[in-house]
Amino acid sequence: MPSTPTLRSLVNPGVSERTDFPLRLSSTALLVVDIQKELTTINVSSNDYRYTTSFPRMIENTKTLVNTVRASRDGGNGGEVVFTYLEAQTNNSRDASLDYKLSGSLLSNLPNPSSPAQFLDGLAPIQGKDICLPKTSCSVFQSTNLDYILRNLNVEQLVVCGQLTDQCVESAVRDAADLGYFVTVVDDACGAESEEGHQKGLHGMNGFARIVCTEHLLKEISNTSDVGAIVRGEKIITKESSTTETTIIDNGTGGRSFNISADRGCQAAILRSLRAAGVKFLRYTSVDAYNTIRCKTVPLSHTMTLLPGRKARNSTSSPCSPMANPVCIAEVCFAGLPTHADALISSSNLSARNVLTLRPDFSSLRVLPYASKTAMIMCTAHNQQSLELSPLCARGLLERVLCEAREGLGIEFCVGVELEFMLFRSDARGGLPQPVDMSTFANSVTLNEQEEFISTLNDQLEQQDIPVELVHAESAAGQLELVLTYSSNVVQLADDVVFARETISACAKQYEMKALFLPKTSTTQAGNGLHLHFSFRDVADNSNDNAFTDPSQPSGVSLRGQSFIEGVLNHFPSLLSFTLPTVNSFRRMGPGCWTGHEVGWSVEDKEVPIRVCVDLNSRMATNVEFKLSDATANIYLELAMILTAGVEGIKTEAKLRPMMGESNNEIRHSLPTTLLESLDSLKQDKLLTSVMGSALSTAYIAVRKAQVDCEKTLEEELLDAFIKA
């Protein structure tokens, strides 16, 4: 097979132009220049051009480019990502260039080995995959071996972004051109201290590189590979309007491919298809830290007016994407309000001052069968000014935890869910709600009497692409369990739980019933749980084999699987703050409650909180079940925290303790018996609180404690849940 000719060999001197050579990812490197916290942190209170326009646009578009090239590289289609940043080799920066030593305190005192360079969230190099080149001068080619590295990688095309346009970016571009590289500068992924400086830099590079915008480059990439543009919910900030376009492909969390920026016509097609289906409203939805659904609806007719070529009211230009950042909600609504009232908890340290925009994830869009004129779409929450993912966004946190596990450990998690609920007659007889029957576990009564409800529910879930694996009666009166199909797309599965709860509630009302997810409705019967099942696979293993399983181990669980379980056990008391997040939740646990009440694990024992499950056919351990969870939890937050604990176990190669009842010298430790005890454990848990971040952890603990202060009796809790259902 003949080899692919080099691009340089295709140049016809005096005839060829730079625009004749679109990107060939197999010979391309993306160079990110000096985007680091020391230089790029945004001052949201300033009206400076850097902070309002230049840096936010540069950061978001660079994220999109980085993730696009990473996706191509990791998918075997080629492409390299190179980060160059200011960092000296000596603690006193004596190795910095003379120019830097003459340029003030910032450049003469660079980040160094004792105080390394810090990177922005979402724009940090991935060790072992991205190439990192610390530099001590303006041009990366003068103070690093970048040219040597690029030639070893057979790179001919260099895409450059970063800061400052008229300084380090321009120096890199001019040197690269002189060294024989085909250079592309991404205009709106570069930043400068002023618009004048930005334009000056572009003018200075015009004779050395082709200059394009992010949207153009992504279209070019999508025309030459299967990559398209990138991560669920990333945005392209255009220079003309500072509005956004959303691009989506699989980002390692299993997200379905959708590239809306590559063709603006896609947006019009989606909207017109929804209109043809009878949809009149788009419901943009997020879930706050305490499992309250927060949403706003935009009429489809209004969204249609925002299509390219049409002008929105109070707008000086037509937006590039009518469905990007369509609505905003006060920041306090995401973590500062309890479930029982819209009353700000002052100790949450949140106020009504800030606003977050909802950025839609188009892979989650579903038309609601029970409200057929509405399509609902799940969103992540972002700072309105900096455009950064909000630290209060639980869905975004889960995506980050999954991405770090994939990139850092090379593992992809699979999760399954068992969702339990009880059906009550819609009229409360005798003052208290009455269940529709007095059935028991796996009994046929509920299945027979509620067959029409179950059939309609199944149809409505199927219409939303939510596959159900199993339905059966549970232990309590009028109780059913839905088993959702196991999935490696963990974020989508979490979305499915939200959609399923909404669908169950709506469908029950159609049959003059109410569905309650309240963890405990009676002291004499079992409660409602949301059991979670976990396993994982090696990303590098194309066979997709379950890496949780190892028949050679006595337990049937691989060493990494054992470490995952031990990591969860080590943080179990704190994890209950997320998985049993209410006073009522703790009523459900205890001896004889089918949940477990001590820290421990076993194989196929339903009276322990962590149960290793064995496949009926292969008789091999396939996953681990976390039983102490219920539907009052924020599904994104609890999954993020459980996975964080398990990943820590894998990282530290934690040795799994003996299973319960296996050792005669076993010392058993009771789990917290109240929410306050668990919150106290969480407050001391450095791992979980650090992953949450100080803003979310502070608010979460404060609001949950405030809810404890409003404790009600079980009868009051039942009646309250019934009224709200």
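Above this text is the structure in question.
Note that the structure is a prediction, hence the values are computed from the model and not measured.

**Student:** What exactly am I supposed to notice about a nonpolar patch on the surface here?
**Tutor:** A grouping of L432, L719 and I723 is seen on the molecular surface, where their side chains present a nonpolar patch of about 250 Å² in accessible area. Relative to the elements of secondary structure, L719 occurs in helix α24 (residues 714-724). Taking the relative accessible area as the measure of exposure, L719 reaches 32% and is therefore partly exposed.

**Student:** Sorry, what's going on with the pattern of salt bridges here?
**Tutor:** Working definition: two side chains of opposite charge can pair if their charged atoms are close together. Taken as a whole, this structure holds 31 salt bridges when the rule is applied. Notably, a salt bridge pairs D130 with R73, separated by 2.6 Å at the nearest N-O pair. Residue D130 is located in the loop between α4 (105-108) and β3 (131-135), and its partner R73 is located in helix α2 (residues 49-74); the two are separated by 57 residues in the primary sequence. With respect to class, D130 is no different from R73; both count as buried. Each member of the salt-bridge network shares a partner with another, and the members are E60, K63, R359 and E388.

**Student:** Just checking my understanding: could you explain the layout of surface pockets for this structure?
**Tutor:** Any empty space left between atoms is shown by rolling a water-sized probe over those atoms. Approximately 1,100 Å³ is the volume found for the second largest pocket. Lining of the second largest pocket is provided by 33 residues; of these, T339, T632, D720, A721 and K724 occupy positions nearest its centre. For the lining of the second largest pocket, the elements supplying multiple residues, two or more each, are α16 (490-510), β19 (513-516), α19 (583-587), α23 (694-708) and α24. Of the residues belonging to the lining of the second largest pocket, the class tally is 16 nonpolar, nine polar and eight charged.

**Student:** Hey, could you run me through the state of the cysteines in this one?
**Tutor:** Here is the idea: a disulfide is a covalent bond, and it sits between the sulfur atoms of two cysteines. As enumerated under the stated definition, the model contains zero disulfides in all. Here C138 stays free of any disulfide, with the sulfur of C168 as its closest cysteine sulfur at 3.7 Å.

**Student:** Explanation requested: the side chain of T40 in the structure shown.
**Tutor:** With respect to the secondary-structure elements, T40 resides in helix α1 (residues 37-40). Classification of T40 by relative accessible area gives buried; the value is 0%. Within the structure, T40 has its side chain in polar contact with the side chain of Q163 (distance 3.5 Å). Those residues in contact with T40 that sit more than four places away from it in its chain are D34, I35, F55, M58, I59, L120 and Q163.

**Student:** Could you clarify how one ought to interpret the pairing of strand β20 (residues 530-538) in this entry?
**Tutor:** Residues in a regular strand point their side chains to alternate faces of the sheet. For β20, the buried fraction is high: eight of the nine residues fall into the buried class. Pairing geometry for strand β16 (residues 411-425) and β20, over nine bridges, is antiparallel. Opposite G416, over in β20, you have H533 as the bridge partner. Two elements, β20 and strand β23 (residues 621-626), share three bridges in a ladder whose sense is antiparallel. When the sheet's bridge partners are listed, H533 is paired in β23 with E625.

About the cut-offs
- Residues numbered from 1 in each chain as written.
- Predicted model: local features only at pLDDT ≥ 70, side-chain atom pairs only at ≥ 80, totals over all residues.
- Heavy atoms only, no water.
- Patch = residues over 30% accessible without salt bridge, like charges linked within 9 Å, V, L, I, M, F, W, Y side chains within 5 Å.
- Areas by Shrake-Rupley, 256 points an atom, 1.4 Å probe, with all protein chains shown as cover.
- Salt bridge = Lys/Arg side-chain N within 4 Å of Asp/Glu carboxyl O.
- Helix = DSSP H or I, 4+ residues; strand = E, 2+ residues; numbered from the N terminus.
- Buried < 20%, exposed > 50% of the residue type's maximum accessible area, 1.4 Å probe, protein only.
- 1 Å grid on protein atoms, 1.4 Å probe; cavity = no way out; pocket = protein on both sides within 12 Å on 5 of 7 lines; lining within 4 Å.
- Points joined across faces, edges and corners; volume = space filled by probe spheres on them.
- Nonpolar A, V, L, I, M, F, W, Y, C, P; charged D, E, K, R; others polar.
- Disulfide = S-S within 2.5 Å.
- Polar contact = N/O pair within 3.5 Å; in protein donor to acceptor, adjacent residues only side chain to side chain.
- Contact = heavy atoms within 4.5 Å.
- Pairing = 2+ DSSP bridges.

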